[in-house]
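Spelled out from the first residue to the last, the chains are:
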Amino acid sequence: MKGENQMDLIKIGKFISLKRKEKGITQSELAEKLYISDRAISKWENGVCLPDAGNMPLLCEILGITINDLFSGEVVNMKENEKRLEENLLEMTKMKEEKDRQLLKMEYVIGSIILVMFLTIIAVAALIKMDDWIRFLLIGIGFITFLVACFFMLRIEQVAGYYECKHCHHKYVPTYLNVNKAPHIGRTRYMKCPECGKKSWQKKVLK
Ligand SMILES: [Zn+2]
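On a predicted model such as this, the values are computed, not experimentally measured, just so you know.

This part covers the environment of S17. Mapped onto the elements of the fold, S17 is located in helix α1 (residues 2-22). With relative accessibility at 11%, the residue S17 sits in the buried group. Each C-alpha atom of the pair S17 and S42 lies 9.0 Å from the other, and the pair is 25 residues apart in sequence.

Okay, structure coming up:
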């Protein structure tokens, strides 16, 4: 076990030395940047001991490596994986953003169509001569269509994008009930923030 540790120290030491030379800095320059003695750097590079935990973050920053790399004594492939994961996450976020944008656009289209239909039905019921029961039936159908449309539009407002709290800038997706009962001007709604608990006029944001 002790032998293994010794091996690691030497590998880590060689790695620190390699990275330092790649950066084109001398042992004493590195020591100066870290506010420690040249001897300490020499000890690390010869595998005598590890850098103090307190020195590690700055050392890694100067050498352009991660703490993970430092302990492994080599640049770990994980870094590549993490980067790819980040890229994938970013791509997924963009896709959701685009979907939300289309949903909100659809809300306007549905809203306009339903409004025209509703007004047409009411106009027909009011202006054209017909039996009273047909008139009531038409008005009934008009209102039901209107209510169903409202339900879908509210649902889109709830799930597409996020609402942002004015106080703490927390972004969240509210419950359907909260969206439904909140007073609103356009897409800005007066709601209670689940994070800080304060009420404010919250804007719809896509990111
Ligand atoms: Zn808040």
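Read on for the rest.
Moving on, we come to the coordination of the zinc ion. At the metal site, the zinc ion is ligated by C165 (SG), C168 (SG), C193 (SG) and C196 (SG), and these contacts range over 2.3 to 2.4 Å. Taken together, the four donor atoms coordinating the zinc ion span angles of 107 to 113 degrees at the metal, a pattern that classifies the geometry as tetrahedral. C193 sits in the buried class, given a relative accessible area of 2%.

By definition, the strands of a sheet pair up through backbone hydrogen bonds, in either a parallel or an antiparallel sense. Read from one edge to the other, the open sheet built from five strands follows the order β2-β1-β5-β4-β3, with strand pairing classed as antiparallel. Two strands close off the open sheet at either side, each with one partner strand: β2 (171-172) and β3 (184-185). Both strand β1 (residues 162-164) and β2 contribute to a ladder of two bridges, which runs antiparallel. Bridge pairing in β2 places Y163 opposite Y172.

So, on to the pairing of strand β5 (residues 199-205). In regular strands, side chains alternate between the two faces of the sheet. Bridging between β1 and β5 involves three bridges; their strand directions are antiparallel. Residue Y162 lies in a different strand from β5, and its bridge partner there is V205. Remark: six residues form the turn of the hairpin made by strand β4 (residues 188-192) and β5, two consecutive strands paired antiparallel; G197 in that turn has positive phi of roughly 80 degrees.

Among the residues making up helix α2 (residues 27-34), those that are buried are L30, A31 and L34. Considered in projection along α2, the buried side chains sweep an arc of 100 degrees and stay on one side of the axis. Among the residues trailing α2, Y35 stands out with phi positive, at a value near 60 degrees.

Glancing now at the packing of α2 against helix α4 (residues 56-63). Helix-helix packing: each pair is described by the crossing angle between the helix axes and the interaxial distance. Put simply, α2 and α4 touch, their axes get as near as 10 Å, and they point 130 degrees apart. Classified by the interaxial angle, the pair formed by α2 and α4 is oblique. Considering only the axes of α2 and α4, their crossing is right-handed. Touching L30, K33 and L34 of α2 are L58, L59 and I62, all from α4.

Counted under the stated rule, the structure contains ten salt bridges. R101 is the partner of E97 in a salt bridge, and the nearest nitrogen-oxygen pair spans 3.6 Å. Of the two residues, E97 and R101 both sit in helix α6 (residues 78-127), four residues apart, roughly one turn of that helix. Across the pair R187 and E107 runs a salt bridge, and its minimum N-O distance is 2.8 Å. You can see R187 sitting in the loop between β3 and β4 and its partner E107 sitting in helix α6, a full 80 residues away along the chain. For E107, a relative accessible area of 7% translates into the label buried.

A separate point is the confidence of the model for the protein. Averaged over the protein, the pLDDT score is 86; the fraction of residues at 70 or greater is 95%. Put simply, α1 is where the protein has its lowest mean pLDDT, 80, and α2 is where it has its highest, 95. The model gives residues 1-6 a pLDDT under 50, and that stretch makes one contact with residues more than four places away or in other chains.

Counting 16 residues, the largest nonpolar core has I16, L30, L34, L59 and L70 as its most contacted members. At the level of elements, α1, α2, α3 (38-45) and α4 are the ones that each hand at least two residues to this core. Excluding anything up to four places from it in sequence, I16 contacts W44, E45, P51, L59, L63 and L70. Of all hydrophobic cores here, the second largest spans six residues; its members include Y163, Y172, V179 and M191.

Thresholds, definitions, all that
- Residues numbered from 1 in each chain as written.
- Predicted model: local features only at pLDDT ≥ 70, side-chain atom pairs only at ≥ 80, totals over all residues.
- Heavy atoms only, no water.
- Helix = DSSP H or I, 4+ residues; strand = E, 2+ residues; numbered from the N terminus.
- Buried < 20%, exposed > 50% of the residue type's maximum accessible area, 1.4 Å probe, protein only.
- Donors = N, O, S within 2.8 Å, 3.2 Å for Na, K, Ca; no water.
- Tetrahedral: all angles 85-135°; square planar, octahedral: opposite > 155°, others 65-115°.
- Pairing = 2+ DSSP bridges.
- Arc of directions from axis to C-beta.
- Axes fitted to C-alpha atoms, helices over the stretch in contact; angles between N-to-C directions.
- Parallel < 35°, antiparallel > 145°, perpendicular 65-115°, else oblique.
- Left-handed = near helix turned anticlockwise from the far one by under 90°.
- Contact = heavy atoms within 4.5 Å.
- Salt bridge = Lys/Arg side-chain N within 4 Å of Asp/Glu carboxyl O.
- pLDDT = per-residue confidence, 0-100.
- Core = buried A, V, L, I, M, F, W, Y, C linked by side-chain atoms within 4.5 Å.

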